[in-house]
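Chain residues, written in single-letter form:
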Amino acid sequence: MPDDPQALAHLGHANGWWRDTAQKLLVLKQDKATVPALTAMARTDKNYLARLHALWTLDGLDALTPDLVREKLKDAHPQMRVAAIRVSESLFKKGDRSFAADVGAAAEDKDANVVIQAMLT
């Protein structure tokens, strides 16, 4: 059970300060008990901001999985796809070289920001 379920709920708050602060607190605590809830949030929350902050929090907890990142590379929201490309860099730095084709495919995305991030990555 996570130490602070309220922090998890604030990842989807309308105010960016609350989202950023909740993410920061979760990462600073390094509470691995939050990983299942964060993973579920990143996968299914209707609020893309909650999905986005959950994904970045998982990165900060060193709890990203290649499967989740690949799933988010196909997210309906372009900012989620951009974030997925960016967090794939963390996995790359740890030796996972399997994202080259995925990032290459993102260079053909319909959203210009996704294409730009794919080229930068």
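Look up: the structure comes first, before these words.
All of these numbers come straight from a predicted model, not from anything done at the bench. (Residues numbered from 1 in each chain as written. Predicted model: local features only at pLDDT ≥ 70, side-chain atom pairs only at ≥ 80, totals over all residues. Heavy atoms only, no water.)

Novice: Just checking my understanding: could you explain the packing of aromatic side chains for this structure?
Specialist: Two measures describe an aromatic ring pair: the distance that separates the ring centres and the angle between the ring planes. Applying the stated criterion across every chain yields a total of one aromatic pair. The cationic tip of Arg70 hangs over the ring face of Phe99; the distance from NZ or CZ to the ring centre is 4.2 Å. Over the face of the ring belonging to Phe92 we find Arg97, whose NZ or CZ atom lies 4.1 Å from the ring centre. (Phe/Tyr/Trp six-rings, centres within 6.5 Å; stacked < 30°, edge-to-face > 60°. Lys NZ or Arg CZ within 6 Å of the ring centre and 35° of its normal.)

Novice: For this particular structure, what's the right way to read a nonpolar patch on the surface?
Specialist: Taken together, the side chains of Ile116, Met119 and Leu120 define a hydrophobic patch exposed on the protein surface, amounting to about 350 Å² of accessible area. Note on placement: Met119 falls in helix α8 (residues 112–120). (Patch = residues over 30% accessible without salt bridge, like charges linked within 9 Å, V, L, I, M, F, W, Y side chains within 5 Å. Areas by Shrake-Rupley, 256 points an atom, 1.4 Å probe, with all protein chains shown as cover. Salt bridge = Lys/Arg side-chain N within 4 Å of Asp/Glu carboxyl O. Helix = DSSP H or I, 4+ residues; strand = E, 2+ residues; numbered from the N terminus.)

Novice: Where do I start with the nonpolar core in this structure?
Specialist: Nonpolar side chains tend to gather and get buried jointly when the protein is soluble and globular. Counting 32 residues, the largest nonpolar core has Leu11, Leu38, Leu55, Leu58, Leu64, Val69 and Ile85 as the members making the most contacts within it. Among the secondary structure elements, those contributing two or more residues to this core are α1 (5–10), α2 (16–29), α3 (35–44), α4 (48–60), α5 (66–72), α6 (78–93), α7 (100–106) and α8. Considering every element that reaches this core, the biggest residue donor is α6, with seven residues. For Leu58, the contacting residues outside a window of four places in its chain are Val35, Leu38, Thr39, Ala42, Ala63, Leu64 and Leu68. (Core = buried A, V, L, I, M, F, W, Y, C linked by side-chain atoms within 4.5 Å. Buried < 20%, exposed > 50% of the residue type's maximum accessible area, 1.4 Å probe, protein only. Contact = heavy atoms within 4.5 Å.)

Novice: Would you mind showing me how to read α6 here?
Specialist: Residues spaced three or four apart along an α-helix point in a common direction, a consequence of the helix completing one turn every 3.6 residues. Compared with an ideal rise of 1.5 Å per residue, which puts 16 residues at 22 Å, α6 spans 24 Å between its outermost C-alpha atoms and is within 8% of the ideal. For α6, every residue scored as buried is listed here: Met80, Arg81, Val82, Ala83, Ala84, Ile85, Val87, Ser88 and Leu91. (Expected span 1.5 Å × (residues − 1).)

Novice: Looking at this structure, how should I read the pattern of salt bridges?
Specialist: Pairing is possible between side chains of opposite charge, provided their charged atoms come close. Inspection of every chain in the model, using the stated rule, returns six salt bridges. The salt bridge partner of Asp62 is Lys94, with a shortest N-O separation of 1.9 Å. Here the residue Asp62 occupies a position in the loop between α4 and α5, and Lys94 occupies one in the loop between α6 and α7, the gap between them amounting to 32 residues. Residue class for Lys94 comes out exposed when judged on its relative accessible area of 54%. Asp75 serves as the salt-bridge partner of Lys72, at 2.7 Å between the closest nitrogen and oxygen.

Novice: Is there a simple way to think about α8 in this case?
Specialist: Within α8, burial applies to Val114, Val115, Gln117 and Ala118. Summarising the axial view, the buried residues of α8 lie within an arc of 165°, below the 170-degree limit, and thus occupy one face. Across α8 from its buried face, at more than 90 degrees, point the exposed residues Ala112, Asn113, Met119 and Leu120. For α8, the N-terminal cap is Asp111; the gap from its side-chain oxygen to the backbone nitrogen of Asn113 is 2.9 Å. (Arc of directions from axis to C-beta. Polar contact = N/O pair within 3.5 Å; in protein donor to acceptor, adjacent residues only side chain to side chain.)

What is shown is where atoms sit, not what they do.
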